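Observations on the model geometry
The residues making up each chain are set out below.
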Amino acid sequence: MASGLTTADSTVKLLSDLKIDAGDWPPSLVKNLHLLSPDQIQLGKMLLEMGQSHLFQHWAEPGVDDDQKKAFFIQLSKLNSSYPGGLASYIKTARELLADSKAGKNPYDGFTPSVPTGEVLSFGEDNFIKFEDVGVKEAKNAAFVLVAGGLGERLGYNGIKVALPAETTTGTCFLQLYIESILALQEASSRLTQGTCQKEIPFVIMTSDDTHTPMVDLVESNSYFGMKPSQVKFLKQEKVACLDDNDARLALDPHNKYRIQTKPHGHGDVHSLLYSSGLLNVWRDSGLRWVIFFQDTNGLLFKAIPASLGVSATKEYHVNSLAVPRKAKEAIGGITKLTHSDGRSMVINVEYNQLDPLLRATGHPDGDVNCETGYSPFPGNINQLILELGPYIKELTKTGGAIKEFVNPKYKDASKTSFKSSTRLECMMQDYPKTLPPSARVGFTVMDTWLAYAPVKNNPEDAAKVPKGNPYHSATSGEMAIYCANSLILKKAGVQVEDPVQQVFNGQEVEVWPRVTWKPKWGITFAEIKSKVSGSCSISQRSTMALKGRDIFLENLTLDGALIINSTDGAEVKVGGSIKNKGWLIEGVDYKDTAFPEELRIRGFRMEKKEQLEETYSQPGKYTLKP
């Protein structure tokens, strides 16, 4: 401050230099302007113009709470810079969406739904195998993006969801399973295309304030699960400002009048983060063609990715949504083509509670019903997307990565004038196609549910309340789905696998198949798995088998018990003969019994290891295991 100038004088000079007339500004803010930089004063001016003067009404006299006032503007600057178009754009969009919400406006007004075009695949058929082959060859031109902003609280687990074991036979956590699957694809792609240079597939993990530190710790403490550190990038999403009313007045934190209340914006942020990070251009310049998005706890996902990527490459889809057959009215969104009366059209996910009324309102009096296949003609969206990189960059350059948002205020009463608690704008990753031009090639790939979709998201109490016949989507059903898929794949490959038995864990009745698991490098495609099984092989229902190595071949094997094989790369192991032992038993665990760790309680069972045959081959060479 220049000598001889009072605080008031310096403020007047500052405002005149910035050509700002602060005549109608809150006096509480004007008195404190000397604490702020010119950029912060401009930000304050914008907020006042956007009707946010309430943010400063309670400010104390200069000299009181000065550090908190400065911190308030640091937070405002961050909220402003992390949102496409800044806070002015956020407030403007919020006012429009809140007005629509209050008026009860139907977002699909003027649109007629129809079934879009896509590919329906059946596991193991010629078409499926052909697409898998194409997909594996394409994998070296892909980047993977894991959207992992959430904690496992809803599951009854206190850590990050991807740290949970996908199955407890080997204890492999979801993140390890995903990374090893990407590495297996990388290796198979290089091998199939006779790649002289091994291309490293990039892997991005989107985190949030809640998950960032534990995610980085999980990866670093496990040596990146075999990936090169340079392959893995973390992008942290920021929260957005909460809104107090229909005028989109920003909400102050109830516990701190110098802080804006914030909440998560949703996984749609992944697009703006990728755009602003500059990674997309780096990928394009290095010859990549695909970006594959997936969510955090689906242990089956990578069984469906090679064939889906093959569909994208063959059909030249700009957007390919992975889907599963959907029962009418099932609580899963349907992939739908919407055509507007003005000629616009888009292929997007329509939430299940909106699909039925939309169909009824547009000449389908029965609404959402099953067709002759026994399923809805609208495939079920599982929130895994494959985007072609070139068109994706072109689109994001137009939008800055912004995704069509929605608002979901909880009103106090039917007048819709006040909220029960503050709300915020939200966005979903799968709403990306909403802004695409009609020329965009948007399709889907439907896979068998048993192969592609077993998310882990419900805690035991909620899962036990699911109506009979509907999926539990719990840690119990998620683990059993992995054994079911692996057993069915081996059956298709010619192994005799004994039928499952029904058992109840944590109040959920599930099919218990043999506990068969393998490392992704043992077989990432059906053709590869089939090539490693020969002769007459059989596995009893009570058996457990874990294959941890690439070159393990099953020849005339009869398994009745537990078999664990660990082999290093370059060790070729032929396994045959009759292997019989007491095996591993599945023992029930009560989810309220705190003597057991959370990851077992939420499943309702644990493995009691009575007896097994375990062999380790740590040196390259040719080996035979035949008891």
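Cut-offs and rules
- Residues numbered from 1 in each chain as written.
- Predicted model: local features only at pLDDT ≥ 70, side-chain atom pairs only at ≥ 80, totals over all residues.
- Heavy atoms only, no water.
- Helix = DSSP H or I, 4+ residues; strand = E, 2+ residues; numbered from the N terminus.
- Rg over C-alpha atoms; globule rule 2.2 N^0.38 Å.
- Buried < 20%, exposed > 50% of the residue type's maximum accessible area, 1.4 Å probe, protein only.
- Contact = heavy atoms within 4.5 Å.
- Areas by Shrake-Rupley, 256 points an atom, 1.4 Å probe, with all protein chains shown as cover.
- Lys, Arg positive; Asp, Glu negative; His and termini not counted.
- Charge placed at Lys NZ, Arg CZ, Asp CG, Glu CD.
- Domains from an automatic or database assignment.
- Buried area = accessible area lost by both parts, 1.4 Å probe.
- Salt bridge = Lys/Arg side-chain N within 4 Å of Asp/Glu carboxyl O.
- Polar contact = N/O pair within 3.5 Å; in protein donor to acceptor, adjacent residues only side chain to side chain.
- Nonpolar A, V, L, I, M, F, W, Y, C, P; charged D, E, K, R; others polar.
- Phe/Tyr/Trp six-rings, centres within 6.5 Å; stacked < 30°, edge-to-face > 60°.
- Lys NZ or Arg CZ within 6 Å of the ring centre and 35° of its normal.
- 1 Å grid on protein atoms, 1.4 Å probe; cavity = no way out; pocket = protein on both sides within 12 Å on 5 of 7 lines; lining within 4 Å.
- Points joined across faces, edges and corners; volume = space filled by probe spheres on them.
- Core = buried A, V, L, I, M, F, W, Y, C linked by side-chain atoms within 4.5 Å.
- Pairing = 2+ DSSP bridges.
- Axes fitted to C-alpha atoms, helices over the stretch in contact; angles between N-to-C directions.
- Parallel < 35°, antiparallel > 145°, perpendicular 65-115°, else oblique.

Moving on to the overall build of the protein. A count of helices and strands for the protein gives 18 helices and 33 strands. Taken over C-alpha atoms, the radius of gyration comes to 28 Å for the protein, in line with the 25 Å a tight globule of 627 residues would show. For the protein, the proportion of its 627 residues judged to be buried stands at 53%. Long-range contacts, defined here as pairs at least 24 residues apart, represent 70% of the contacts in the protein between residues at least 6 apart. When the accessible surface of the protein is split by element, carbon and sulfur atoms take 49% of a total near 26,600 Å². Each charge class in the protein can be summarised by its mean position, and for the 70 positive and 73 negative side chains these summaries are 2 Å apart.

Okay, the side chain of Ser422 next. When you line up the elements, Ser422 lands in strand 17 (residues 418-423). If we skip the residues at most four places from it in the chain, Ser422 touches Cys242, Leu243, Asp244, Ala251, Gln261 and Lys263.

On to the domain arrangement of the protein. Domains assigned within the protein are domain 1 (7-82), domain 2 (106-455) and domain 3 (465-625). The distance between the C-alpha centroids of domain 2 and domain 3 comes to 29 Å. Contact with domain 2, which involves 35 residues of that partner, is made by 36 residues of domain 3. Across the interface of domain 2 and domain 3, roughly 2,900 Å² is buried in total on both sides, 65% from carbon and sulfur atoms. A salt bridge links Arg191 to Glu528; the nearest nitrogen and oxygen atoms lie 3.4 Å apart. Seen at the junction of domain 2 and domain 3, the total is nine residue pairs in polar contact (both at pLDDT 80 or more). Every element with two or more residues in the side of domain 2 that touches domain 3 is listed here: helix 6 (126-138), helix 7 (174-192), helix 11 (301-315) and helix 14 (449-452). By residue number, the principal contributor to the side of domain 2 that touches domain 3 is helix 7, which donates nine residues. Looking at the side of domain 2 that touches domain 3, its residues break down into 19 nonpolar, nine polar and seven charged.

A few words on the packing of aromatic side chains. Under the criterion given, the structure shown has 24 aromatic pairs. With a centroid separation of 6.1 Å and an interplanar angle of 90°, the aromatic rings of Trp59 and Phe73 are classed as edge-to-face. Separated by 14 residues along the polypeptide, Trp59 in the loop between helix 3 (38-49) and helix 4 (66-81) and Phe73 in helix 4 bring together distant segments of the chain. There is no split in this pair, since Trp59 and Phe73 are both buried. On the basis of an interplanar angle of 45° and a centroid distance of 4.8 Å, the ring pair of Tyr617 and Tyr623 is categorised as tilted. Taking the relative accessible area as the measure of exposure, Tyr617 reaches 10% and is therefore buried. Assessed through its relative accessible area of 25%, Tyr623 is described here as partly exposed. A cation over an aromatic ring shows up here: Lys327 above the ring of Tyr375, its NZ or CZ 4.6 Å from the ring centre.

All right, on to the layout of surface pockets then. Its volume calculated, the second largest pocket comes out at about 950 Å³. Around the second largest pocket sit 28 residues that line it, and Thr449, Gly469, Asn470, Pro471 and Tyr472 are the ones nearest its centre. Contributing elements (two or more residues each) for the lining of the second largest pocket: helix 14, helix 16 (475-492) and strand 22 (508-512). Taken together, the residues that form the lining of the second largest pocket break down as 16 nonpolar, seven polar and five charged.

Counting 111 residues, the largest nonpolar core has Phe144, Leu175, Phe203, Leu490, Met545 and Val575 as its most contacted members. Broken down by element, this core gets its largest block of residues, 10 residues, from helix 7. Split by domain, the residues of this core number at least three in each of domain 2 (106-455) and domain 3 (465-625). Apart from the residues lying within four places of it in its own chain, the contact partners of Met545 are Leu490, Arg515, Val516, Thr517, Ile539, Leu554, Leu557, Leu559 and Leu563. One finds Ile20, Leu43, Ala60 and Val407 within the second-largest nonpolar core, a separate group that totals 40 residues.

For strand 15 (residues 380-388), the tally of buried residues reaches nine of nine residues, placing the bulk of the element in the interior. Side chains Gly380, Ile382, Gln384, Ile386 and Glu388 of strand 15 all project onto a buried face; the interleaved residues Asn381, Asn383, Leu385 and Leu387 project onto the opposite face, where all are buried too. The pairing of strand 11 (residues 290-295) with strand 15 spans four bridges and is antiparallel. Bridged to Ile292 within strand 15 is Ile386.

On to the sheet that holds strand 23 (residues 515-518), then. Judged by pairing direction, the sheet is parallel, and its four strands sit side by side in the order 23-26-28-32 without closing on themselves. Lying at the two open borders of the sheet, with one neighbouring strand each, are strand 23 and strand 32 (613-617). Ignoring strand direction, the axes of neighbouring strands in this sheet form an average angle of 5°. Strand contacts of helix 16: strand 23 and strand 26 (544-548), with the helix running at about 80° to strand 23, the strand carrying the most contacts.

Turning to the pattern of salt bridges, a few remarks are in order. Evaluation of the coordinates by the stated rule reveals 36 salt bridges. When the shortest N-O distance is used, the salt bridge between Asp209 and Lys236 registers 2.5 Å. Pair noted here: Asp209 is in the loop between strand 4 (203-207) and helix 8 (212-221) and Lys236 is in strand 5 (residues 232-236), with a separation of 27 residues, a long-range link. Via salt bridges that share partners, Glu187, Arg191, Lys521, Glu528, Lys532, Arg550 and Asp569 belong to a single interconnected network.

The next subject is unusual backbone geometry. For Lys329, which is not glycine, the phi dihedral falls at a positive 65°. Following the sequence through the fold, Lys329 ends up in the loop between strand 12 (319-324) and strand 13 (334-340). Its relative accessible area of 49% is what places Lys329 among the partly exposed residues. Its identity is not glycine, yet Lys416 carries a phi of approximately 55°, on the positive side.

This next bit is on the packing of helix 6 against helix 11. Remark: helix 6 packs on helix 11, axes separated minimally by 6 Å, with the N-to-C direction vectors making an angle of 85°. Judged on the interaxial angle alone, helix 11 and helix 6 are roughly perpendicular. Together, Phe128, Phe131, Glu132, Val134, Gly135, Val136 and Glu138 of helix 6 and Lys303, Pro306, Ala307, Leu309, Gly310, Val311, Ala313 and Thr314 of helix 11 make up the contact between the two elements. Considering only residue class, the contact of helix 6 with helix 11 consists of nine nonpolar, three polar and three charged.

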